[in-house]
Amino acid sequence: MKAIRIHEFGGPEVLKLEDLPDPQPQAGEVLIEIRAASVNPVDYKIREGKYPAVKQDQLPVVLGRDVAGAITALGAEVSGFKEGDEVYAMLPPDRGGYAEKVAAIATAVARKPASLDLIWAASVPLAALTAWQGLFDHGGLHGGQSVLIHGAAGGVGHFAVQFAKAKGAKVFATASGDMKAFVEELGADRAIDYKAERFEDIVHDVDLVYDLIGGETQDRSWQVLKRGGTLICTVQAPDEVKAAEYGVTAKRYTAQPSGEQLREIGNLIDAGKVKVTLDQVFPLAEAAEAERHLEQDHLKGKVVLEIG
Ligand SMILES: NC(=O)c1ccc[n+]([C@@H]2O[C@H](COP(=O)([O-])OP(=O)(O)OC[C@H]3O[C@@H](n4cnc5c(N)ncnc54)[C@H](OP(=O)(O)O)[C@@H]3O)[C@@H](O)[C@H]2O)c1
């Protein structure tokens, strides 16, 4: 099979299109013929050697954490799937989606939403699971509460705005200039252009800050939380001293694969309560340009690689 691998950390030039042996599904796994894989910031962070879970001695690795495709073989002890099922999945860091095939752990796999084709379905898993787990499993968000979402126009943020609204929360969301209207279309009660407005002048006493940015944005976020509130971040461990000072709970987390949560998310998509936004689709061979686009340009939603 064709796959994009890295043998060393570095710039886009370290991405190599190679011929690799087809993976074989082990017990508890399904073999997926991949139709599309999405591109996430973790992909270029791994490539650049900036993702602590993938170290030099683990190279070479195939990049890509999201896939959609059809099941072509089942390992032993797999139930609930059959050959030909069209599915989507988030992969753990030791398997790659920038490839024609992958053996995925069956518990991380779900049938794709009926209303999405495989290209669109590929854009969902990692970003949507990250948003779902951040808001609900770690952030404990429920209807009637309020949340400030930083980075709302990107892959994770555009799902987070819609999940929080579907739950019945009041949503404040930051994005840059042109993307403010997009975030309002997603349902945000108040979109904030972070380049023109200071969110701390607008947002007060929220239950949850969902922080996809970190740094100075996080430093300025403590003051908008109510006492007893929660700050959840995907990019850095929050300052425990600040959390104690403001009387809030704060944590960083890492999103985990979950077929069960993908089924719930798929139901919301099929019910029309959550819309997927595709920024751009690239062929597999242009993975380097796809990563450059994600890292450097202003995006609306997700970037996907079309395969096969
Ligand atoms: N811990 C985990 O398990 C986990 C999982 C998924 C993602 N992540 C991390 O979470 C971050 C977000 O991921 P993603 O996939 O959503 O990335 P993305 O698609 O690149 O989106 C990032 C968004 O942040 C916006 N942004 C940049 N600076 C901002 C600021 N100061 N205030 C508000 N918005 C700002 C960008 O908008 P403009 O370009 O218009 O400025 C962009 O829309 C990444 O660092 C990623 O690595 C972690």
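Not measured: the values here are computed from a predicted model. (Residues numbered from 1 in each chain as written. Predicted model: local features only at pLDDT ≥ 70, side-chain atom pairs only at ≥ 80, totals over all residues. Heavy atoms only, no water.)

Participant: How do you make sense of the pairing of strand β11 (residues 190-193) when you look at a structure like this?
Facilitator: Successive side chains on a regular strand alternate, one facing one side of the sheet and the next facing the other. As paired elements, strand β10 (residues 170-175) and β11 share four bridges and run parallel to each other. The partner of Ala173 across the bridge, within β11, is Ala191. A crossover connection joins β10 to the parallel β11 through helix α5 (residues 179-185); in handedness this β-α-β unit is right-handed. (Pairing = 2+ DSSP bridges. Helix = DSSP H or I, 4+ residues; strand = E, 2+ residues; numbered from the N terminus. Right-handed = clockwise from strand over helix to strand, strands pointing away.)

Participant: What am I meant to see in the pattern of salt bridges here?
Facilitator: Oppositely charged side chains are able to pair whenever their charged atoms sit close together. The tally for this structure, following the rule as stated, stands at 21 salt bridges. Here Lys112 makes a salt bridge to Glu86, at a shortest N to O gap of 4.0 Å. Of this pair, Lys112 sits in the loop between β8 (109-111) and α2 (118-122) while Glu86 sits in strand β6 (residues 86-90); the two residues are 26 residues apart in sequence, bridging distant segments of the chain. Between Lys226 and Asp207 there is a salt bridge whose closest N-O contact spans 2.9 Å. Of this pair, Lys226 sits in strand β13 (residues 225-233) while Asp207 is found in strand β12 (residues 206-211), placing the two residues 19 residues apart along the sequence. Each of Arg47, Glu48, Lys50 and Glu291 takes part in one network of salt bridges that share partners. (Salt bridge = Lys/Arg side-chain N within 4 Å of Asp/Glu carboxyl O.)

Participant: Help me understand the packing of helix α3 (residues 125-138) against helix α4 (residues 155-167), please; the structure alone is not making it clear to me.
Facilitator: Where α3 meets α4, the closest approach of the two axes is 8 Å, and the angle between their N-to-C directions is 50°. With respect to each other, α3 and α4 are oriented oblique. Viewed along their axes, α3 and α4 form a crossing whose handedness is right-handed. Residues Ala127, Ala128, Thr130, Ala131, Trp132, Leu135 and Phe136 of α3 form the contact with α4, whose own contacting residues are Gly155, Val156, Phe159, Ala160, Phe163, Ala164 and Lys167. The residue inventory of the contact of α3 with α4, partitioned by class, reads 11 nonpolar, two polar and one charged. (Axes fitted to C-alpha atoms, helices over the stretch in contact; angles between N-to-C directions. Parallel < 35°, antiparallel > 145°, perpendicular 65-115°, else oblique. Left-handed = near helix turned anticlockwise from the far one by under 90°. Contact = heavy atoms within 4.5 Å. Nonpolar A, V, L, I, M, F, W, Y, C, P; charged D, E, K, R; others polar.)

Participant: Hey, could you run me through the packing of aromatic side chains in this one?
Facilitator: The geometry of an aromatic ring pair is captured by the separation of the ring centres together with the interplanar angle, meaning the angle of the planes. All told, the structure shown has four aromatic pairs when counted by the stated rule. Between the aromatic rings of Phe159 and Phe163, the centroid separation amounts to 5.9 Å while the plane-to-plane angle is 25°, which identifies the pairing as stacked. Of this pair, Phe159 and Phe163 are both found in helix α4, four residues apart, which corresponds to roughly one turn of the helix. Assessed through its relative accessible area of 0%, Phe159 is described here as buried. Phe163 gets classed as buried once you look at its relative accessible area, which sits at 1%. Considering the side-chain rings of Trp222 and Tyr246, the 6.5 Å spacing of their centres and the 20° angle between planes classify their relative orientation as stacked. Within this pair, whereas Trp222 is found in the loop between α7 (215-219) and β13, its partner Tyr246 is found in helix α8 (residues 240-246), the two being separated by 24 residues in sequence. Pairwise contacts between aromatic rings join Trp132, Phe136, Phe159 and Phe163 into one cluster. If you follow Lys167 out to its NZ or CZ, it ends over the ring of Phe136, 4.6 Å from the centre. (Phe/Tyr/Trp six-rings, centres within 6.5 Å; stacked < 30°, edge-to-face > 60°. Buried < 20%, exposed > 50% of the residue type's maximum accessible area, 1.4 Å probe, protein only. Lys NZ or Arg CZ within 6 Å of the ring centre and 35° of its normal.)

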